[in-house]
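Chain by chain, the residues:
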Amino acid sequence: METQAQLEEVLTTEPLVAGLLLGSVLLTLVCAGGLLALMLYLRSRQRLHFNQVLPLHLPLWEQAVIYGGLALLFFTIQSGADATWARILQLASAPLAILAVALAPRGLSQHYGLEKVSPLLLPALALLVLMAGFAIIFPANLISNLVLQGFGVETGLQDPVQRFLETDDPDRLMGMLFVGVIFAPIMEEVLFRGLLQPMLKAALGLWPAVLLTSLIFAAIHFHLPAFTALFVLAVIMSLAYEYTGSVMVCILIHMFFNAYQLGFMLLLRAYLPA
């Protein structure tokens, strides 16, 4: 709680930090308007189509591999990813899930929609969707935390963020940045949007699959104050997947989200007392 109090003081007393936060809010509103206008334009030209993700029908043994990957991810996050065995499990989970789909009839490229969005447009599209999504994520997170505080629930920092702010080891800091910005988004999006959502879609239909996938994604992070923000983010990524058919959009949205958070934390570290 001491670190969180220090962060709150920095946010309210440092002009540079407050200015960047205000700039982020203004940019979010501009992107939200731009994305809405783009969607209306594409819809008028009949170039925007929803429900593009094909349901994934897999044999039971392949489903078991995917659920095994999710279980490994579950225990990895719960352990805090500090122990050697936890890192091994983390490294094993995504390849196991990818292998399951690689052995499926359609193959990787078609299933993940790797050719549906131009590589040149992917980063710009993902960044636009994320910045527009912040117009929902920020207020939802604020309201959620106010409600939790009203019920007497502590709204502290997530354990990974706390460790990120407190570590003084440059090598460990770089490792945490790599896992947070590169590895974790790829692994989690392959498992959740790429595999779990299409599997649930085959069994339950579109909207139950989107909502259930997003609920599980938010829940496995084991941090009640962040649950609402993570749930909204997950829904945004699931809808982006349904609109584009490309899991790469989701991976990049996830990468940019984590990079934004960790980048802001790096800035705040400079203002925290040694």
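Use the structure listed above.
Right, let's walk through the structure included here. Within each chain, residue numbers correspond to sequence positions counted from 1 in written order. Since the coordinates come from a predicted model, pLDDT governs what is reported: local features require at least 70, and pairs of side-chain atoms require 80 or more to be given and counted, while whole-chain, interface and lining totals use all residues. Note that water and hydrogens are dropped before the side-chain values are worked out from all heavy atoms of the structure.

Before going further, it helps to examine helix α6 (residues 122-150). Secondary structure is summarised from DSSP: a helix means a run of H or I of at least four residues, a strand means a run of E of at least two, and numbering begins at the N terminus for each. For a helix, the expected span equals 1.5 Å multiplied by the number of residues minus one. Spanning 29 residues, α6 covers 41 Å between terminal C-alpha atoms, matching the ideal 42 Å at 1.5 Å per step. Note that the bend at a residue is defined as the angle between axes fitted to the seven residues ending at it and the seven residues starting at it. Remark: the principal bend of α6, roughly 35°, maps to Phe-134.

Turning to the layout of surface pockets, a few remarks are in order. The rule is simple: put a 1 Å grid over the protein atoms alone, call a set of points where a 1.4 Å probe fits but cannot get out a cavity, call an open set with protein on both sides within 12 Å along at least five of seven lines a pocket, and count a residue as lining if it has an atom within 4 Å of a point. Grid points are joined across faces, edges and corners, and a volume is the space filled by probe spheres set on the points. Space inside the second largest pocket adds up to approximately 870 Å³. At the level of elements, α2 (15-44), α6 and α10 (224-244) are the ones that each hand at least two residues to the lining of the second largest pocket. Here the lining of the second largest pocket gets 6 residues from one element, more than from any other, and that element is α2. For the lining of the second largest pocket, the per-class residue count stands at 20 nonpolar, 5 polar and 2 charged. In this classification, Asp, Glu, Lys and Arg are treated as charged, Ala, Val, Leu, Ile, Met, Phe, Trp, Tyr, Cys and Pro as nonpolar, and every other residue, Gly included, as polar.

What follows deals with the packing of aromatic side chains. Each aromatic ring pair is summarised here by two numbers: the centre-to-centre distance and the angle between the ring planes. Stacked, edge-to-face and tilted are the three classes for Phe, Tyr and Trp ring pairs, Trp counted by its six-membered ring, which pair at centre distances within 6.5 Å; planes under 30 degrees apart are stacked, over 60 edge-to-face, the rest tilted. This model, assessed by the stated rule, comprises 8 aromatic pairs. Residues Phe-134 and Tyr-260 carry aromatic rings whose centres are separated by 5.1 Å and whose planes lie at 45° to one another, so their mutual orientation is tilted. Linking Phe-134 in helix α6 with Tyr-260 in helix α11 (residues 247-269), this pair joins segments that are 126 residues apart in sequence. Looking at Phe-134, the relative accessible area reads 3%, which means it is buried. Of the residues examined, Tyr-260 reaches a relative accessible area of 23% and is grouped as partly exposed. Plain terms: the ring middles of Tyr-260 and Phe-264 are 6.3 Å apart, the flat faces sit at 15° to each other, and that makes the pair stacked. One end of the pair, Tyr-260, and the other, Phe-264, are both in helix α11, 4 residues apart, so they sit about a helical turn from each other. Among the aromatic residues, those joined into a ring-pair cluster are Phe-134, Phe-138, Phe-257, Tyr-260 and Phe-264. With a 1.4 Å probe rolled over the protein chains alone, any residue whose accessible area is under 20% of its type maximum counts as buried; one over 50% counts as exposed, and the rest are partly exposed.

So, on to the packing of helix α9 (residues 206-219) against α10. Note on definitions: angles span 0 to 180 degrees between N-to-C directions of axes, and those axes are lines fitted to C-alpha atoms, for helices only across the stretch in contact. Closest axis-to-axis distance for the α9/α10 pair is 8 Å, and the angle between their directions is 140°. Here α9 is positioned oblique relative to α10, judged by the angle of their axes. Regarding α9 and α10, the two cross each other, and that crossing is right-handed. Only Phe-227, Leu-230, Phe-231, Ala-234, Val-235, Met-237, Ser-238, Leu-239 and Glu-242 of α10 make contact with α9, whose side of the interface consists of Leu-206, Trp-207, Val-210, Leu-211, Ser-214, Leu-215, Phe-217, Ala-218 and Ala-219. Here the word oblique covers every angle except those under 35 degrees (roughly parallel), over 145 (roughly antiparallel) and from 65 to 115 (roughly perpendicular). Handedness of a crossing is defined here by the sense of rotation of the near helix relative to the far one, left-handed for an anticlockwise turn of less than a right angle and right-handed for a clockwise turn. The criterion used for residue contact is that any of the two residues' heavy atoms lie within 4.5 Å.

Salt bridge criterion: a side-chain nitrogen from Lys or Arg within 4 Å of a carboxyl oxygen from Asp or Glu. By the definition in use, this model includes 2 salt bridges. The partner of Glu-189 in a salt bridge is Arg-193, and the shortest N-O contact between them spans 2.7 Å. Placement of the pair is Glu-189 and Arg-193 together in helix α8 (residues 170-204), with a separation of 4 residues, close to one helical turn. Classification of Glu-189 as buried rests on a relative accessible area of 0%. Since its relative accessible area comes to 0%, Arg-193 is described here as buried.

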